[in-house]
Amino acid sequence: MEAFDVDTTSMKNRIGERRKDFPILQRQMNGKPLVFLDSAASSQKPDVVTSAIKSYYDKTHANVHRGVYQLSQEATDAFEKSRATIQSFINAKHSHEVIFVRGCTEGINLVASSYGDAFIREGDEVIITTLEHHSNIVPWQMVCEKKGANLKVVHVDEAGEIDLDDYKSKLSSKVKMVAVNHISNTLGTINPVKQMIDMAHELDIPVLVDGAQATPHMKIDVQALDADFYVFSGHKMYGPTGIGVLYGKEHWLNKMPPYHGGGEMIKTVTFEKTTYNELPFKFEAGTPNIADSIGLAAAVDYIGEIGLDVISEHENDLLNYGTDLLSSIEGMRFIGTAKAKAGVISFLVGDIHPYDIGTLLDKQGIAVRTGHHCTQPLMDHYGIPGTVRASFGLYNNMEDLDRLYEALTRAVNILS
Ligand code: 7TS
């Protein structure tokens, strides 16, 4: 085939070739080729990401925003270029609305603490949903406890879809924040966040979207969503650990007090009074994670080169194929059957404990997550201790799901 015939190659084949970008996928586990089905916990890294980090340390490293010398200027330029890459990835209006944090958890804590200090008072309310990860529950509980405010939880139905009537009934002038995930890590439900944001904005209530599971799978446009805050983690989207992003609308971030005090975030310091730096530095105290911001930008470029539309179509094919395949196993119970779902299959088989299934799958080289997936209240909603969860990344293929099916069939035979 001539090079220019490449358009005739199917989408699936094109994405299939990307598997070789991930060296870890060559590993064997318990003597079997690794089938990695735990990308919702953390995705694997393509070599362009690890080599961008190494190249930065080998050639460009110095501290940022402080040196007059050339190397420090180069490091600062590289760090700020990463911010611009993220800005365009999520279509933020300003680059200073992109705050680098350690990850989604830190981003939510920052908003809960800083926004909470400024805007949440006794008797106020914060709305979350039953579907939230502990990271989007506990920080709000903490601020509510501190301020004497109340946490309101929107119900989900049996399929794992948010009850919008219940949401509507909970919105009132007492509500000072709505915090909701874009995609559920445990069920894969894609939540109607645009609709929820519009409903909250009718009452001038700001909305924080926990996008931890969304950024690897779908195109995010924070302006089109009109999200007030949007948080995500680099390590779930083929980037490094220890780096994530808090997007916040300028007018909110300007009204919020700093979260951490220290270097970078100040304009002037005397023992009597400190004045704070402008955005985004007001929220980036101390030496930032320069290397991993560069790694994250490399991951964004990598995803962009493939195309999030191609990735999400591929993962949707995997979801449909995997769901069909697994449904033929006797005693299979899917947890989370929403109409709009991302690449997550959570399940139980008969009364077998998820941990036992996970252990026997591991013996056959299959990595899945078992347990409550940091969503204990959601497990309580279903009255179950946990699930087995297979979650997909762009490197998974149908063969991985065939391997899961075969290994699961064997495990179930042994355990039942
Ligand atoms: N929010 C959601 C929806 C998540 O899925 C996770 C991590 C977080 C927040 C926290 O992200 P972090 O990067 O700050 O830790 N979810 C999972 C998971 O499903 N399995 O392990 C971690």
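A few points on the structure. Remember, predicted model here, so these are calculated numbers, not experimental data.

Conventions used here
Residues numbered from 1 in each chain as written. Predicted model: local features only at pLDDT ≥ 70, side-chain atom pairs only at ≥ 80, totals over all residues. Heavy atoms only, no water. Near = heavy atom within 4 Å. Polar contact = N/O pair within 3.5 Å; in protein donor to acceptor, adjacent residues only side chain to side chain. Nonpolar A, V, L, I, M, F, W, Y, C, P; charged D, E, K, R; others polar. Core = buried A, V, L, I, M, F, W, Y, C linked by side-chain atoms within 4.5 Å. Buried < 20%, exposed > 50% of the residue type's maximum accessible area, 1.4 Å probe, protein only. Domains from an automatic or database assignment. Contact = heavy atoms within 4.5 Å. Phe/Tyr/Trp six-rings, centres within 6.5 Å; stacked < 30°, edge-to-face > 60°. Helix = DSSP H or I, 4+ residues; strand = E, 2+ residues; numbered from the N terminus. Arc of directions from axis to C-beta.

1. Focus on the site of the ligand
Then, in step 1: The local shell around the ligand holds 15 residues, among which Thr105, Asp210, Ser233, Arg369 and Arg389 are the closest.
Then, in step 2: Backbone polar atom of Cys104 to an oxygen atom of the ligand: 3.5 Å apart, as the coordinates give it.
Then, in step 3: Broken down by class, the residue content of the shell around the ligand amounts to four nonpolar, seven polar and four charged.

2. Considerations on the nonpolar core
Then, in step 1: Ile90, Tyr167, Val178 and Tyr230 are the most contacted members of the largest nonpolar core, which totals 72 residues.
Then, in step 2: Counting the residues that make up this core, at least three belong to each of domain 1 (2–39 + 307–415) and domain 2 (50–304).
Then, in step 3: Contact partners of Ile90, with chain neighbours within four places excluded, come to Val98, Ile220, Asp221, Val222, Phe232 and Tyr247.
Then, in step 4: Judged by nonpolar contacts, the second largest core, of 28 residues, contains Val101, Val111, Val126 and Leu246.

3. Overview of the packing of aromatic side chains
Then, in step 1: Under the defined criterion, the tally for this structure stands at 12 aromatic pairs.
Then, in step 2: Judged by centre distance (5.5 Å) and plane angle (70 degrees), the rings of Tyr115 and Trp252 are edge-to-face. You can see Tyr115 sitting in helix H4 (residues 104–119) and its partner Trp252 sitting in helix H9 (residues 250–255), a full 137 residues away along the chain.
Then, in step 3: Given a relative accessible area of 2%, Tyr115 falls into the buried group.
Then, in step 4: Ring pairing ties together the aromatic residues Phe22, Tyr238, Tyr302 and Tyr395, which thus form one cluster.

4. Focus: helix H7 (residues 193–201)
Then, in step 1: Within H7, the full set of buried residues consists of Val193, Met196, Ile197, Met199 and Ala200. Across the axial projection of H7, the buried residues extend over an arc of 165 degrees, all falling on one side.
Then, in step 2: Elements that come into contact with the buried residues of H7 comprise strand S5 (125–129), helix H6 (164–170), strand S7 (175–181), strand S8 (207–210) and helix H8 (222–225).

5. Here's the deal with the side chain of His182
Then, in step 1: For His182, the location among the structural elements is in the loop between S7 and H7.
Then, in step 2: Residue classification places His182 among the buried residues on the basis of a relative accessible area of 5%.
Then, in step 3: Among the polar contacts made by the side chain of His182, one reaches the side chain of Tyr230 at a distance of 2.8 Å.
Then, in step 4: In this view, His182 contacts Thr189, Ile190, Asn191, Val193, Val209, Asp210, Gly211, Ala214, Met218, Ile220, Leu225 and Tyr230; residues no more than four positions away in its chain are not counted.

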